[in-house]
Amino acid sequence: MTNANSHPVWDPGQYLRHAGHRARPFADLLARVPALPTAAPRIADLGCGPGNVTVLLTERWPAAHVTGYDNSPEMLDKAHTDHDGPTPGGGRLDFSHADARTWTPEQPYDLIVSNATLQWVPGHADRFADWIAGLKPGGALAFQVPDNIDAPLHALMRDLAGTPRWKGRLADVLRRTDSVHTPGAYLDRLARLGCAADVWQTTYHHVLQGEDPVLDWVKGTGLRPALTALADDPEARDAFLTEYRDLLRQAYPSAPYGTVMPFRRLFAVAVKEG
C-alpha cells in the first residue's frame, strides 16, 4: 500500500529478508482476535504484501476463504505464485488488487485485518466506519501498525532528506510524522462506531544479524519511497544510502551477538456488536 505523495516500488525479496521478525506482530495480533461468527469465515487482509503472513490466517481458521488485497503489482505477483489456491483445511486463499484508501467490503466479512499497512494510508481512521459496516455482527476489525515514527531509523531518514542536497527530491516522499494516531484516538474512534475495542502497544527488541542490518531492514519498508524517488539516478541513490548507513551505524551500534533494533508497534482489535 502506498501514501498519497508517492507510489513506492516494493521489492518482495528485500521485504522477506526479515520475514520472521515482521511476522511476529501479526501472530500476536491474531492471538487476541476472538472466535468469529461463522465456522467457515470470510476474511480480508488489507495490504497483504507477498502473502507470507496472510497464510497465518488459514492456519488459525482452516476453513476460511481469505482474500489478500494489495496495490503493489510486485507484491501481488509474489503472493499469487507462492500462496494462491485451496488450503489444507478446506478453505481458499486468493489475492486481488485493491487500495485501502478506497476499498469497501463487497460482501459481509467475519474479519478484516491489516498488518503494517495503514501507516501508508492518509485518513485511514476515516475508513473504519465503512469497514465495520461490512462486518457481520460479532465480526472483527484487527490491525497493527509501526508506531515508531520518532525512532532513530525514521528521524535520521527525515533529517537527512531535509538537508540541502536532498530536500528537493526527498523531503515530501517519506512517511509523515502524523501517519499513526495515539492508542486513545483509535480506541475512541472504534468504540464510537459500536465496537468493543482492545488497543495496546508492544515494543519489540529485534536482534538483527549481518552487516548494516537496520539499513537492510528499512530498505524493505520505510526507505522504499526514497529508493523509488532516486531510482533513475543510481549515483545519487548510493550516495544517500551511504550517508544514511553511517548515521544508522551510530544510532544502532553492533554487539557481539548482533544489532538491537527497538521497534514499537500499535495493535487494535475491534469487535462489532452482535
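Residues numbered from 1 in each chain as written. Predicted model: local features only at pLDDT ≥ 70, side-chain atom pairs only at ≥ 80, totals over all residues. Heavy atoms only, no water.

S.K.: Got a minute to help me understand the overall build of the protein in this structure?
M.R.: Helix and strand content of the protein: 11 helices and nine strands. Taking 19 Å as the expected radius of gyration for a compact globule of 274 residues, we find that the protein reaches 19 Å, a close match to that expectation. Along the longest, intermediate and shortest principal axes, the C-alpha atoms of the protein span 55 × 40 × 40 Å. Expressed as a percentage of the 274 residues in the protein, the buried residues total 53%. Of all intrachain contacts in the protein linking residues separated by at least 6 positions in sequence, the fraction that spans at least 24 positions is 81%. When the accessible surface of the protein is totalled, it reaches about 11,600 Å², and 52% of it is carbon and sulfur. Averaging the positions of the 27 positive and the 32 negative side-chain charges in the protein gives two centres separated by 2 Å. (Helix = DSSP H or I, 4+ residues; strand = E, 2+ residues; numbered from the N terminus. Rg over C-alpha atoms; globule rule 2.2 N^0.38 Å. Buried < 20%, exposed > 50% of the residue type's maximum accessible area, 1.4 Å probe, protein only. Contact = heavy atoms within 4.5 Å. Areas by Shrake-Rupley, 256 points an atom, 1.4 Å probe, with all protein chains shown as cover. Lys, Arg positive; Asp, Glu negative; His and termini not counted. Charge placed at Lys NZ, Arg CZ, Asp CG, Glu CD.)

S.K.: Which parts of the structure should I look at to understand the side chain of R22?
M.R.: By the secondary structure assignment, R22 is in helix α2 (residues 19-30). Although buried, R22 forms no salt bridge, and the nearest oppositely charged side chain, D216, lies 7.1 Å from it. Within the structure, R22 has its side chain in polar contact with the backbone oxygen of W217 (distance 2.8 Å). (Salt bridge = Lys/Arg side-chain N within 4 Å of Asp/Glu carboxyl O. Polar contact = N/O pair within 3.5 Å; in protein donor to acceptor, adjacent residues only side chain to side chain.)

S.K.: Help me out: how do you make sense of the UniProt feature "domain: Methyltransferase" (unreviewed entry) in the protein in this one?
M.R.: As annotated by UniProt and renumbered to match this structure, "domain: Methyltransferase" (unreviewed entry) occupies residues 43-139. Annotated as residues 43-139, this span is 25% helix and 31% strand, and its ends, taken at the C-alpha atoms, are 10 Å apart. (UniProt positions renumbered as here; feature names shortened; annotations may be inferred.)

S.K.: So what exactly am I meant to see when it comes to the packing of aromatic side chains here?
M.R.: Two aromatic rings are characterised by how far apart their centres lie and by the angle between their planes. Across all of its chains, the model carries 10 aromatic pairs by this definition. A centroid spacing of 5.6 Å and a plane angle of 50 degrees characterise the contact between W217 and F263, whose relative ring orientation is tilted. Within this pair, whereas W217 is found in helix α9 (residues 213-219), its partner F263 is found in strand β9 (residues 258-272), the two being separated by 46 residues in sequence. Per residue, the accessibility class of W217 equals that of F263, and both read buried. Between the aromatic rings of F240 and Y244, the centroid separation amounts to 6.2 Å while the plane-to-plane angle is 20 degrees, which identifies the pairing as stacked. Here F240 pairs with Y244, and both are found in helix α11 (residues 234-251), just four residues apart, close to one helical turn. (Phe/Tyr/Trp six-rings, centres within 6.5 Å; stacked < 30°, edge-to-face > 60°.)

S.K.: Looking at this structure, I do not really get the packing of helix α6 (residues 152-161) against α11. What am I missing?
M.R.: Two quantities define a packed helix pair, namely the angle between the helix axes and the distance between the axes. At their nearest, the axes of α6 and α11 sit 10 Å apart, and the two run at 140 degrees to each other. It follows that α6 is oblique to α11 by the angle criterion. Two packed elements cross with a definite hand, and for α6 against α11 that hand is right-handed. Along the contact surface, α6 presents P152, L153, L156, M157, L160 and A161, while α11 presents F240, E243, Y244, L247, L248 and A251. (Axes fitted to C-alpha atoms, helices over the stretch in contact; angles between N-to-C directions. Parallel < 35°, antiparallel > 145°, perpendicular 65-115°, else oblique. Left-handed = near helix turned anticlockwise from the far one by under 90°.)

S.K.: How do you make sense of the nonpolar core when you look at a structure like this?
M.R.: Across soluble globular proteins, you tend to see nonpolar side chains buried next to one another. Grouped together as the largest cluster of nonpolar side chains are 28 residues, with contacts concentrated most on L223 and Y244. Going through the elements one at a time, α6, α9, α10 (224-229), α11 and β9 are the ones with two or more residues in this core. Looking at which element gives the most residues to this core, the answer is α11, with six residues. Not counting residues up to four positions away in its chain, the partners in contact with Y244 are L153, L156, M157, L160, L215, V218 and L223. (Core = buried A, V, L, I, M, F, W, Y, C linked by side-chain atoms within 4.5 Å.)

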